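Structural description and commentary
What follows is the residue order along each chain.
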Amino acid sequence: MSKFPNPSVSHPPLTDDASCDAAVIGGGITGVLCAHALALRGLSVLLLEQRTVAHEGSKTARSTAKATVAHGRIYSTLAETVSAEASRKYAAANLAGLRFLHSIADASPAVGRVQDMYLYALHGERLLRREFRAMRDGGILCDWPDSRDVPLPFPVTAAIRLPGQLALDPVELCRCLCGMGHFRVCEHSTVTAVGRNSLLCNGHTVAAQHIVDATNYPCFCPAGAGLPLKLFRQSSYAAAVRCDAGFRMPELLAFGIDGGYGYRYAPDGQTLIVSGETHRGAASPNAGKRLLRAAESSARGGISVLRHWSNNDGYTPDGIPYVGQLRNGVFIACGFGAWGMTNAASAALILAEQIGGRGLWYDDLFSPGRNFLRGGSAQFAEHLRTAIGGAIRTVSAPPDVYAGDVARGQADIINYHGKRAGAYRDSDGRLYVVDLRCPHLGCSLEWNPEERSWDCPCHGSRFDYTGVCISNPALRGISLE
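What counts, and at which threshold
- Residues numbered from 1 in each chain as written.
- Predicted model: local features only at pLDDT ≥ 70, side-chain atom pairs only at ≥ 80, totals over all residues.
- Heavy atoms only, no water.
- Helix = DSSP H or I, 4+ residues; strand = E, 2+ residues; numbered from the N terminus.
- Rg over C-alpha atoms; globule rule 2.2 N^0.38 Å.
- Buried < 20%, exposed > 50% of the residue type's maximum accessible area, 1.4 Å probe, protein only.
- Contact = heavy atoms within 4.5 Å.
- Areas by Shrake-Rupley, 256 points an atom, 1.4 Å probe, with all protein chains shown as cover.
- Lys, Arg positive; Asp, Glu negative; His and termini not counted.
- Charge placed at Lys NZ, Arg CZ, Asp CG, Glu CD.
- Core = buried A, V, L, I, M, F, W, Y, C linked by side-chain atoms within 4.5 Å.
- Expected span 1.5 Å × (residues − 1).
- Pairing = 2+ DSSP bridges.
- Axes fitted to C-alpha atoms, helices over the stretch in contact; angles between N-to-C directions.
- Left-handed = near helix turned anticlockwise from the far one by under 90°.
- Nonpolar A, V, L, I, M, F, W, Y, C, P; charged D, E, K, R; others polar.
- Phe/Tyr/Trp six-rings, centres within 6.5 Å; stacked < 30°, edge-to-face > 60°.
- Lys NZ or Arg CZ within 6 Å of the ring centre and 35° of its normal.
- Patch = residues over 30% accessible without salt bridge, like charges linked within 9 Å, V, L, I, M, F, W, Y side chains within 5 Å.
- Salt bridge = Lys/Arg side-chain N within 4 Å of Asp/Glu carboxyl O.
- Parallel < 35°, antiparallel > 145°, perpendicular 65-115°, else oblique.
- Bend = angle between axes of the 7 residues up to and from the residue.
- Disulfide = S-S within 2.5 Å.

This part covers the overall build of the chain. When you go through the chain residue by residue, the secondary structure sums to ten helices and 23 strands. For 481 residues, the compact-globule estimate of 2.2 N^0.38 gives 23 Å, and the C-alpha radius of gyration of the chain, at 22 Å, lies within 12% of that figure. Overall, the C-alpha framework of the chain stretches about 65 × 55 × 45 Å when taken along its three principal axes. Within the chain, the proportion of its 481 residues that are buried is 56%. Look at the contacts in the chain between residues 6 or more apart in sequence, and 67% of them connect residues 24 or more apart. In the structure as shown, the chain presents an accessible area of about 19500 Å², 51% of it carried by carbon and sulfur atoms. Taking the average location of the 47 positive side-chain charges in the chain and that of its 43 negative ones, the two points are 3 Å from each other.

Below, the structure written as C-alpha cells:
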C-alpha cells in the first residue's frame, strides 16, 4: 500500500502575502522534486503553479517518462567533445537522480515500475560500443547482450541493457509528493515579478530567502544571463496504441540511437507508447504517420490509437542541463533534452545542496555560466542560424494570399491589412487570424499541421490555432481577432 496520502486533492491559490525559506516556481516534476528535496532538508517551501500541478497540457503529463540513465549517446559524446571527467560527472548526477526516484517509488508503487532499458542500434554497432565503454567508465551498471537475445519485436544490430530503470508515472509522483503536506502548494498562482529575495504572485508579495525557477523555460532570468542564446527547444511526437489481442509485448523501455524510435511497453502486454520525430519549429510532413507506422511495425499487426500528442523539450548546445544560481540570485533547472526524469531528480538534489550551502562534487558541470561552446559550438551555430532566419521572416513582405483564400481545415500565411499574419479556418468556416511575431523575442512563427498550432522555431513557444499561448517562454497570446 502507498505510504503517501490520497493525491486527488486540489490546492488553493495564493490569496495573501507569505514568507518561506524557499519559493519554487513551477508545478511540474522538476519543481515538485525540488520542493520535496528542499523540504527533506528542513526548509519551509512554497510551490507556486500557474495552472494545476502536472496539469494535462504540461510537459510532465506529456512525457513518456522513461526514468533511465541511458540518454542516447551522451556519455561518449561528452567524453569526446568535453572530457572523460565531464562524462563521469554526468553519469554520477543521473545515477543519484535515479536513486532519488527509486526512493519515492519504493514508498508508493503506483509512482513507477522497475524495468530494463535497452539502448539499441539498427545500423552497425560502432557508435553503441563507444557509448557502452563510456557508460561503464562512468560507473553505470550495464551489459552487452547478443543482439538475437534482445526482447524487442524487431531486429537490432546491437543493444546495451541497463537493469533497474523505472517506467515512471510522473503525474502520480507529483500528486503524491504534493499531497504529503511537508511543503505548501498554491495552484492557479501566477508569478509576475521576481527580485533577489522576493516575488510577486497573484498581486501578493512572497518573501523568500531562495527562489527556484523550475519552469520548462525559465521566465525570470536577467538579460545578461543570455538564456535565449544558450537554450533552445525541440519538439517530438508520441502516441499510445493498443495492439491486437493475439500479440503480447515484453515489459521494457527502449531507445534507438541511429534513427530508431523510443518505446515504452506497458505491463498489460498490449499497450505501447512510441516516441520520436524530433524537430525544431514546424514538423516535417507526415511525421505523425511515420510514428504510427513504427508503432504498427513494433506490434507486428494491427493497432488502435488511444492517444497522440507532442512534447516540447529544452536543449542546450553541449547537451548538459543548466542547474544552478544566476547573477540575480534565482536558481534555475532546465535544458534536460528528452531526458527530463532523471535530470529533473538530479537537478533537485543539486539545488537542494547548493541552497543548503554545500554542494556536490559534480555540480560545476551543470553551471549556467559555464563555457557551453566547448562541446556545443555546432549546435550553437545552428541555433543562431534558426534565430536569425526567424527574425528576418518577420520583416519580409506579406504574400499575395488573403483570408478568403484559406480553405476549411487549412492554415496559411496571409496579407492582413498589409501585414503578414497567420490564418486558420476551422471545419465550420470560422477564420482565426494571429500575429506571426512570437511575443517572446519576435521570431516568426511556423504552422504545425500535426498539432494545428503556431510554433516558434527559435525558443519553442507554441500557440493553438486561436492564438492562445500553450507553451512558454512566451507569456501572452497572439490573436488578432
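So much for the structure itself; the text now carries on.
Attention shifts here to the nonpolar core. In this structure, Leu33, Leu168 and Leu173 are the most contacted members of the largest nonpolar core, which totals 82 residues. It is helix H4 (residues 84-107) that provides the largest number of residues to this core, a total of twelve residues. Discounting chain neighbours no more than four positions away, the residues touching Leu173 are Ile29, Leu33, Leu101, Ile104, Val111 and Leu168. Counting residues in each nonpolar core, the second largest holds 25 residues, with Ala159, Val241, Cys243 and Ala254 among its members.

So, on to helix H5 (residues 126-137). Over its twelve residues, H5 extends 17 Å from the first C-alpha to the last, a length consistent with the 16 Å expected when each residue adds 1.5 Å. Among the residues of H5, those classed as buried are Leu128, Glu131, Phe132, Ala134 and Met135. Residue Gly139 follows H5 closely and has a positive phi angle near 85°.

Reading across the sheet, the eight strands line up as S3-S5-S4-S11-S12-S13-S10-S14 and stay open at both edges, with mixed pairing between neighbours. Pairing within the sheet leaves two strands with one partner each, and these edge strands are strand S3 (66-67) and strand S14 (303-315). In this sheet, strand S5 (residues 158-168) lies alongside strand S4 (residues 112-121) in antiparallel orientation, the contact comprising nine bridges. The partner of Tyr120 across the bridge, within S5, is Ala159. Its contacts with the sheet put helix H8 (residues 287-299) on strand S10 (232-243), strand S12 (262-265), strand S13 (271-279) and S14, and the angle it makes with S13 is roughly 145°.

For the rest of this paragraph, the subject is the packing of helix H1 (residues 29-40) against helix H6 (residues 170-179). Running from N to C, H1 and H6 point in directions that differ by 35°, and their axes come no closer than 10 Å. Crossing hand, H1 versus H6: left-handed. Touching Ile29, Val32, Leu33 and His36 of H1 are Pro170, Leu173, Cys174, Leu177 and Cys178, all from H6. Tallied by class, the residues present in the contact of H1 with H6 amount to eight nonpolar, one polar and no charged.

Remark: the centre distance and the inter-plane angle together describe each pair of aromatic rings, the angle taken between the planes. One pass over the structure, following the stated rule, counts 14 aromatic pairs. Pairing Phe255 with Trp339 gives two aromatic rings, centres 5.1 Å apart and planes at 80°, and the pair type is edge-to-face. With a gap of 84 residues between them, Phe255 in strand S11 (residues 253-256) and Trp339 in the loop between strand S16 (331-334) and helix H9 (340-355) connect regions that are remote in the sequence. Exposure remark for Trp339: the relative accessible area of 12% places this residue in the buried category. Ring pairs connect the aromatic residues Tyr424, Tyr432, Trp447, Trp454 and Tyr465, which therefore count as one cluster. The lysine or arginine in question, Lys230, covers the ring of Tyr322, its NZ or CZ lying 5.3 Å from the ring centre.

Judged by side-chain polarity, Leu229, Leu384, Ile388 and Ile392 come together as a nonpolar surface patch covering roughly 350 Å² of accessible area. In terms of residue count, the dominant contributor to the nonpolar patch is helix H10 (residues 373-394) (three residues).

Two numbers describe how H4 lies on H9: the axes approach to 7 Å, and their chain directions differ by 95°. Between H4 and H9, the angle falls in the class roughly perpendicular. Two secondary-structure elements touch here, H4 through Tyr90, Ala93, Asn94, Ala96, Gly97, Leu98, Phe100 and Leu101 and H9 through Met341, Thr342, Asn343, Ala345, Ser346, Ala348 and Leu349. In terms of residue class, the contact of H4 with H9 is made up of ten nonpolar, five polar and no charged.

What follows concerns the pattern of salt bridges. Enumeration over the complete set of coordinates arrives at 21 salt bridges. Between Arg148 and Asp146 there is a salt bridge, and its shortest N-O distance comes to 2.9 Å. In this structure, the salt-bridge partner of Asp435 is Arg437, at a minimum N-O distance of 3.0 Å. Judged by relative accessible area, which is 17%, Asp435 ranks as buried. Sharing partners across several salt bridges, the network here consists of Arg41, Glu353 and Arg358.

With that settled, the discussion passes to H10. Owing to its 3.6 residues per turn, the α-helix brings residues three or four apart onto one side. Of all the bends in H10, the greatest, near 40°, is centred on Gln379. Of the positions making up H10, those classed as buried are Gly376, Phe380, His383, Thr386, Ala387 and Gly390. The secondary structure elements touched by the buried residues of H10 are helix H7 (227-230) and S10.

Two cysteines, two sulfur atoms, one covalent bond between them: this is a disulfide. For the structure on display, the rule yields one disulfide. Free cysteine: Cys219, not disulfide-bonded; nearest cysteine sulfur from Cys221 at 8.2 Å. By relative accessible area, Cys219 is classed as partly exposed at 26%.

With respect to the helices, strands and loops of the structure, Gly97 is situated in helix H4. Classification of Gly97 by relative accessible area gives buried; the value is 0%. For the pair formed by Gly97 and Ala347, sequence separation is 250 residues and the distance between their alpha carbons is 7.8 Å. Here Gly97 is in contact with Thr342, Ala345, Ser346 and Leu349, once residues within four sequence places are set aside.

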